[in-house]
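Fold and contact review
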Amino acid sequence: MPSLKDLKIRIESVKSTRKITKAMQMVAAAKLRRAQEAAEAARPYAERMEAVLGNLAAGVASSPSAPRLLTGTGQSEKHLLVVATAERGLCGGFNSSIVKLARAHLARLLAEGKDVKILTVGKKGREQLRRDYGNLIVEHVDLSDVRRIGYTNAVDIAHNLLNRFNAGDYDVCTIFYNRFENVITQVPTARQLIPAEFEATEGAAGGAQYDYEPEEGAILAELLPRGIATQIFTALLENAASEQGARMSAMDNATRNAGDMIDRLTIQYNRSRQAAITTELIEIIAGAEAL
Amino acid sequence: MADTMQFELVSPERKLASVAATSVQIPGMEGDLTAMPEHSPLLTTLRPGVVKVNAASETAEYVVTGGFAEISPTAASILAEQAVPRGDFSAEMMEALSADADLALRDAPEDMKMAASQRVRDVAALKAQLGM
């Protein structure tokens, strides 16, 4: 049975924990709104890019001159996994769920005897993967100094990936991130970046034949790298929004748990206090009767 | 015939403009072109240059550094890599742009030299056009 003093100290400590988690929750809520706005603002560009590339790709895919970024190297022996996680923890299962998906993917590829490399974005993913697959991690992109993810961050990563692709480092590249569904649901997602996959949709011209300037192949060659950068950018933004959403609900739970704990401890404290008073009274009364 | 079309200018980070325009002047890779309503469907890449939008009551100018434009009879949209209103385009941004182009030319592999040097020329032309 803890003493009254111990209980009191304990209650105080849980109270200050609750203050911290509450503050973190509110900060996450504010950041979430910003992240969501950024993701929202980036959507028109990504959607259009996707539509245009989809139409272009559908037209060129069958020709032998199609760019390698689109058709791939014809092999799938060497894989590069881009694992995008957060720079910070305390956000529930956010980082673990991405890593878990990546691990499942990794295990499957390794079982098939493929050559796998990992590129991590965000500190937390690297920490978790380093233990088991440290020798497979080829590079780490540090975004801890980046306050707000910009398109340039995505372009840098895309450049890196393209250079590696051109150097023949890998055949297939897949990115892992959390897709933001809503504040309590984030879906770990794997998306293949290279060879590029785009969904062909009807263009704005209602399927009319476009004129191309310069010709289709040249446009496609120029746009594909941008399309990949855009996909990375979308993934990073979704990830940022998901991270704040996950942190918000994790901290909400923590705050509630702390509240419950305080209630329980307070009841225990009061009970022991009353028990102590009762014992004291009995002793006094017993003493008085003995006289 | 409609006398306006929907014009949109979007960059990866946000949508910069969405107006009903009467004509849009676009710096295409193979020369400037002006899109007006009922233009035949066209897809072109952009060189660094100035996009000029004429709407019913006002005109607006944006500096774009590249990207592409999609033109259809009823709409024109520009997906710019980077786009800024002309007034906000500073000398530092110009410097960064030409430094980038020079660097790209230096690092370009042999088969990309043509495109890279073209870009350096385009950037220089933009610089002259803006009087910087």
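Higher on the page you've got the structure.
Just so it is clear, the model here is predicted, and its values are computed rather than measured.

Each helix and strand in chain A was counted, giving six helices and six strands. In chain A, the order of α-helices and β-strands from amino to carboxyl end is α-α-β-α-β-α-β-α-β-β-β-α. Against the globule reference of 19 Å for 291 residues, chain A gives a C-alpha radius of gyration of 28 Å, more extended than a compact globule. Along the first, second and third principal axes, the C-alpha atoms of chain A reach 115 × 45 × 30 Å. Taken over 291 residues, chain A has a buried fraction of 34%. Contacts in chain A between residues far apart in sequence, at least 24 positions, make up 79% of those at least 6 positions apart.

The next point concerns the sheet that holds strand 2 (residues 115-121) of chain A. Residues and elements named next belong to chain A. A sheet is described by the order of its strands in space; here five strands give the open sequence 3-2-1-4-5, paired in mixed fashion. In this open sheet, the two strands that pair with only one neighbour each are strand 3 (137-141) and strand 5 (185-194). Between one strand axis and the next, the sheet turns through 20 degrees on average, direction left out of account. Pairing geometry for strand 4 (residues 172-182) and strand 5, over nine bridges, is antiparallel. Residue pairing for strand 5: T174 is matched across the bridge by Q192.

We now examine helix 2 (residues 113-130) of chain B. Residue and element names in this part refer to chain B. Taking 1.5 Å of rise per residue, the 18 residues of helix 2 would be expected to cover 26 Å, and the 26 Å separating its terminal C-alpha atoms lies within 8% of that figure. By the burial criterion, the buried members of helix 2 are R119, D122, V123 and L126. Buried residues in helix 2, looked at end-on, bunch into an arc of 100 degrees, giving them a common side. In helix 2, the exposed residues that point more than 90 degrees away from the buried face are K113, M114, R121 and A128. Positive phi appears at G131, one or two residues downstream of helix 2, with a value of about 70 degrees.

The partner chain A presents 23 residues to the 21 residues of chain B that form the contact. Counting only elements with at least two residues in the side of chain B that touches chain A, the list comes to strand 2 (15-28), strand 4 (42-46), strand 7 (67-71) and strand 8 (75-80) of chain B. Ranked by the residues each element gives to the side of chain B that touches chain A, the list is headed by strand 4 of chain B, at four residues. Across the side of chain B that touches chain A, the residue classes tally to nine nonpolar, seven polar and five charged. Looking at chain direction, strand 6 (residues 211-213) of chain A and strand 4 of chain B are connected through three bridges and run parallel. Within strand 4 of chain B, the residue paired with D211(A) across the bridge is L42(B).

Our next topic: the packing of helix 5 (residues 151-166) of chain A against helix 6 (residues 216-290) of chain A. All names here are of chain A. For the pair helix 5 and helix 6, interaxial distance at closest approach is 8 Å and the crossing angle is 125 degrees. Accordingly, the angle class assigned to the pair helix 5 and helix 6 is oblique. The two elements helix 5 and helix 6 meet at a crossing, and its hand is right-handed. Here helix 5 contributes Y151, N153, A154, V155, I157, A158 and L162 to the contact with helix 6, which in turn contributes P225, I228, A229, I232, F233 and L236. When grouped by side-chain class, the residues that make up the contact of helix 5 with helix 6 number twelve nonpolar, one polar and no charged.

Parameters at a glance
- Residues numbered from 1 in each chain as written.
- Chains lettered and ligands numbered in written order.
- Predicted model: local features only at pLDDT ≥ 70, side-chain atom pairs only at ≥ 80, totals over all residues.
- Helix = DSSP H or I, 4+ residues; strand = E, 2+ residues; numbered from the N terminus.
- Rg over C-alpha atoms; globule rule 2.2 N^0.38 Å.
- Buried ≥ 20, exposed ≤ 12 C-beta atoms within 10 Å, placed from the backbone.
- Contact = placed C-beta atoms within 7 Å.
- Pairing = 2+ DSSP bridges.
- Axes fitted to C-alpha atoms, helices over the stretch in contact; angles between N-to-C directions.
- Expected span 1.5 Å × (residues − 1).
- Arc of directions from axis to C-beta.
- Nonpolar A, V, L, I, M, F, W, Y, C, P; charged D, E, K, R; others polar.
- Parallel < 35°, antiparallel > 145°, perpendicular 65-115°, else oblique.
- Left-handed = near helix turned anticlockwise from the far one by under 90°.

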